[in-house]
Amino acid sequence: IIHTCLGLILMQFVLAQNIELAVQATLVGDSVSVTYTLSDSLPTRTFKVEAWGVTENDTFPLGEVSGDIGERMSLGEHTFLWDALADLERFDGTV
């Protein structure tokens with residue numbers, strides 16, 4: 001099991017916004033399934049979503065991701081899959 005902190009970066013620079021983010025990660029074999037929900041007071045707003053990993057010594061963009069991630073993500077529930085083994089070389093010692 002990989003113990004790391006997953007972070008989602010929302011890129012949207014608008015004043016007076018009300019953004020909510022709920023994230024859930026689940027181990028699926030050697031991959032991690034990440035489900036997140038975007039909520040906002042402006043229903044037509046879209047976001048650029050990036051996924052980052054955080055270890056004790058490093059912060060890095062997740063390497064192999066597929067699914068609902070990237071430019072122009074709309075509000076609602078989304079899921080992407082991270083191939084955790086692809087980033088395994090970043091970890092040192094017991095994972």
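Now for a look at the structure at hand. All chains use their own residue numbering, which begins from 1 and follows the written sequence. Two thresholds apply to this predicted model, a pLDDT of at least 70 for residue-level local features and 80 or more for giving and counting side-chain atom pairs, whereas whole-chain, interface and lining totals are computed over all residues. Think of the side-chain values as coming from all heavy atoms in the structure, minus any hydrogens and water.

## Section: the overall build of the protein
Using the following cut-off: Per the convention used, a helix needs a DSSP run of H or I reaching at least four residues, while a strand needs a run of E reaching at least two, with both numbered from the N terminus. Note on classification: 1.4 Å probe, protein chains only; a residue is buried when its accessible area is under 20% of the maximum for its type, exposed when over 50%, partly exposed between these limits. Whether two residues are in contact is decided by their heavy atoms, any of which lying within 4.5 Å being enough. Methods summary: accessible areas were calculated by the Shrake-Rupley approach with a probe of 1.4 Å, and residue burial reflects only the protein chains presented.
From N to C terminus, the protein includes 0 helices and 8 strands. Ordering the α and β elements of the protein from the N terminus gives β-β-β-β-β-β-β-β. The 95 residues of the protein split such that 23% are buried. In the protein, once contacts between residues fewer than 6 apart in sequence are set aside, the share between residues at least 24 apart is 58%. As displayed, the protein has an accessible area near 6,000 Å², and 51% of this comes from carbon and sulfur atoms.

## With respect to unusual backbone geometry
Look at Arg-72: it is not a glycine, yet its phi comes out positive at around 55°. Take Arg-72: it is sitting in strand S7 (residues 70-73). The exposure class assigned to Arg-72 is exposed, which follows from its relative accessible area of 65%.

## Quick look at the pairing of strand S8 (residues 76-83)
The line we're drawing: When DSSP finds at least two bridges between two strands, those strands are taken to pair.
Direction of pairing for strand S3 (residues 31-40) relative to S8: antiparallel, over a ladder of 8 bridges. Bridge assignment links Thr-37 to a residue of S8, and that residue is Glu-77. Strand direction decides the pairing type here: strand S6 (residues 65-67) and S8, joined by 3 bridges, are antiparallel. Bridging from a neighbouring strand, Val-65 pairs with Trp-82 of S8.

## Some remarks on the nonpolar core
Quick note on the threshold: Buried Ala, Val, Leu, Ile, Met, Phe, Trp, Tyr and Cys residues form a nonpolar core when they are joined through side-chain atoms within 4.5 Å.
Residues Tyr-36, Leu-38, Val-49, Leu-62 and Phe-80 are the most contacted members of the largest nonpolar core, which totals 13 residues. For this core, the elements supplying multiple residues, two or more each, are S3, strand S4 (47-54) and S8. Counting residues per element, this core draws most heavily on S3, at 4 residues.

## Remarks on the environment of Ser-33
With respect to the secondary-structure elements, Ser-33 resides in strand S3. Distance in space between the C-alpha atoms of Ser-33 and Leu-81 is 4.6 Å, their sequence separation being 48 residues. Sequence-distant contacts of Ser-33, defined by excluding residues within four places in its chain, comprise Gln-24, Ala-25, Thr-26, Val-28, Thr-79, Phe-80 and Leu-81.

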